[in-house]
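# Chain and residue survey
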Amino acid sequence: MSALLNLSHVTKIYRQGGMLGRRRITAVKDVSFALGEEPEILSIVGESGSGKSTIAAMILGQTAPTQGELEFCGRAVSIHGRSERRAFMNKVQPVLQNPFEAFNPMKRVDRYLFETARNLSASGKQPERRQVERVADAALMHVGLTLEEVKGRFPHELSGGQLQRVAIARALIPQPRLLVADEPVSMVDASLRMAIVNLFGRLKSELGLSIIYITHDLATAYYISDRIIIMRKGEIAEQGEARKVLDNPQHPYSRALKDAVLSADFAAMS
Ligand SMILES: Nc1ncnc2c1ncn2[C@@H]1O[C@H](COP(=O)(O)OP(=O)(O)O)[C@@H](O)[C@H]1O
Ligand SMILES: [Mg+2]
């Protein structure tokens, strides 16, 4: 079977304390999973420190595994040459936790979209302004915004939810195959979270994108994902179809996580 992404026995050990430091932290231990060619949303769920962001960083090629292999479209993630590396980075796009960190507060947000569109124009010559605006507008449309709404705006003039959607629009411009979204709604107002999570569902069906949705929010993970991986202390505690994992969690940790989410939801409602 050809896979979009394949992680095979991936382990990441961080060494802390410089040259003489003996402290080793096993952040990720023997993790294997794959995404097929068919678009899907895979959630990676687990408490803080369970290794979720480390997995994201390795998939994005930002850090290399200590052991094991990661492949994207059949090629090792970590050994791309320069131009291949650029093509890879277009195909696998990150969505960050805090959209305010993705934007310079002094720079109008539409500039980011225009620059991304311009950098991508294949021929060396500068594309026309109108064409760049069209690309930006089309990307914004996919996230439920228009260029009219964000034009000339600074990051602080948008809500966290809007800014996260602009960040996602920008990530769409290079026409990626995979989004790696690391806690993308944890900084967004609770009332706007579902809108972003629903957006992922639309991007999957409309653009054929696969999405790795990293969260500690079991409720949104259950709602949106096809498959779920539950991480515990760097290891996969349980994985499978979202329905099966959460309707009938096998691992005691998955059950505890489910109960915690249900009671938190209940407390929030009462
Ligand atoms: N750059 C780093 N150097 C040393 N330890 C790290 C580094 N990044 C993460 N860790 C440690 O690795 C473990 C997993 O962290 P992380 O992948 O960020 O988990 P999560 O995203 O699930 O909260 C934690 O114990 C964390 O302290
Ligand atoms: Mg994290």
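Description of the structure in this document. Since we're looking at a predicted model, the values are computed, not measured. (Residues numbered from 1 in each chain as written. Chains lettered and ligands numbered in written order. Predicted model: local features only at pLDDT ≥ 70, side-chain atom pairs only at ≥ 80, totals over all residues. Heavy atoms only, no water.)

Our next topic: the sheet that holds strand β3 (residues 41–45). Here we have six strands laid out as an open sheet, ordered β6-β7-β8-β3-β9-β10, and mixed in their pairing. Each edge of the open sheet is held by one strand with a lone partner, namely β6 (92–95) and β10 (235–241). This sheet shows a mean twist of 15 degrees between the axes of neighbouring strands, independent of strand direction. Bridge count between β3 and strand β8 (residues 210–215): five bridges; the pairing is parallel. Across the sheet, the residue bridging to V45 is T215, located in β8. Here helix α1 (residues 52–59) sits on the sheet and contacts β3, β6, β7 (178–182), β8 and β9 (227–232); the angle it forms with β7, its principal contact strand, is near 150 degrees. (Pairing = 2+ DSSP bridges. Helix = DSSP H or I, 4+ residues; strand = E, 2+ residues; numbered from the N terminus. Axes fitted to C-alpha atoms, helices over the stretch in contact; angles between N-to-C directions. Contact = heavy atoms within 4.5 Å.)

By nearness alone, every residue bordering ligand 1 is listed as Y14, Q16, I25, A27, E47, S48, G49, S50, G51, K52, S53 and T54. At 3.1 Å from an oxygen atom of ligand 1 is found a main-chain nitrogen or oxygen belonging to S50. In this structure, K52 approaches ligand 1 through a side-chain N or O atom, which is 2.8 Å from an oxygen atom. Here ligand 1 has 560 Å² of accessible area as a free molecule, and 64% of this is covered by the chains. Residue assignment for the shell around ligand 1 shows that the elements contributing at least two residues are β1 (3–16), β2 (23–36) and α1. Tallying contributions element by element places α1 first for the shell around ligand 1, with three residues. For the shell around ligand 1, a count of residues per class yields three nonpolar, seven polar and two charged. (Near = heavy atom within 4 Å. Polar contact = N/O pair within 3.5 Å; in protein donor to acceptor, adjacent residues only side chain to side chain. Areas by Shrake-Rupley, 256 points an atom, 1.4 Å probe, with all protein chains shown as cover. Nonpolar A, V, L, I, M, F, W, Y, C, P; charged D, E, K, R; others polar.)

In this model, helix α7 (residues 160–172) (13 residues) spans 18 Å end to end at C-alpha, consistent with the 18 Å of a helix rising 1.5 Å per residue. Burial within α7 is extensive, with 10 of its 13 residues counted as buried. (Expected span 1.5 Å × (residues − 1). Buried < 20%, exposed > 50% of the residue type's maximum accessible area, 1.4 Å probe, protein only.)

Residue position: R24 is located in strand β2. Excluding its chain neighbours within four sequence positions, the residues that come into contact with R24 are I13, Y14 and R15.

This part covers the sheet that holds β1. A sheet is described by the order of its strands in space; here four strands give the open sequence β2-β1-β4-β5, paired in antiparallel fashion. A single partner strand is all that each edge strand has here, and the edge strands are β2 and β5 (75–76). Pairing of strand β4 (residues 67–72) with β5, which is carried by two bridges, proceeds in the antiparallel orientation. Each residue of the ladder has a partner; that of F72, found in β5, is R75.

L140, V166, I168, L179, F200, L203 and Y213 are the most contacted members of the largest nonpolar core, which has 47 residues in total. When residues in this core are grouped by element, the largest group, seven residues, is from α7. Residues in contact with F200, not counting those within four places in the same chain, are I41, I168, L179, A181, P184, I211 and Y213. Ranked by size, the runner-up nonpolar core spans 27 residues in total, among them I44, L60, L178 and I212. (Core = buried A, V, L, I, M, F, W, Y, C linked by side-chain atoms within 4.5 Å.)

One way to put it is that helix α4 (residues 109–120) packs onto helix α5 (residues 129–142) with a least axis distance of 9 Å and a crossing angle of 115 degrees. Viewed along their axes, α4 and α5 adopt a mutual orientation that is roughly perpendicular. Where α4 crosses over α5, the two elements pack in a sense that is right-handed. Counted together, R111, L113, F114, A117 and R118 of α4 and R129, V132, E133, V135, A136 and L140 of α5 form the full contact between these two elements. Split into classes, the residues belonging to the contact of α4 with α5 amount to seven nonpolar, no polar and four charged. (Parallel < 35°, antiparallel > 145°, perpendicular 65-115°, else oblique. Left-handed = near helix turned anticlockwise from the far one by under 90°.)

Let us now look at the packing of aromatic side chains. According to the stated counting rule, one finds three aromatic pairs in the structure shown. Between F72 and F88, the ring centres sit 5.6 Å apart and the planes meet at 80 degrees, which makes this aromatic pair edge-to-face. Here F88 lies in helix α2 (residues 82–91) and F72 lies in strand β4, a separation of 16 residues in the sequence. Since its relative accessible area comes to 6%, F72 is described here as buried. Classification of F88 as buried rests on a relative accessible area of 4%. With centroids separated by 5.9 Å and ring planes inclined at 55 degrees, the aromatic side chains of F200 and Y213 adopt a geometry described as tilted. Linking F200 in helix α8 (residues 190–207) with Y213 in strand β8, this pair joins segments that are 13 residues apart in sequence. The same class applies to F200 as to Y213, namely buried. (Phe/Tyr/Trp six-rings, centres within 6.5 Å; stacked < 30°, edge-to-face > 60°.)

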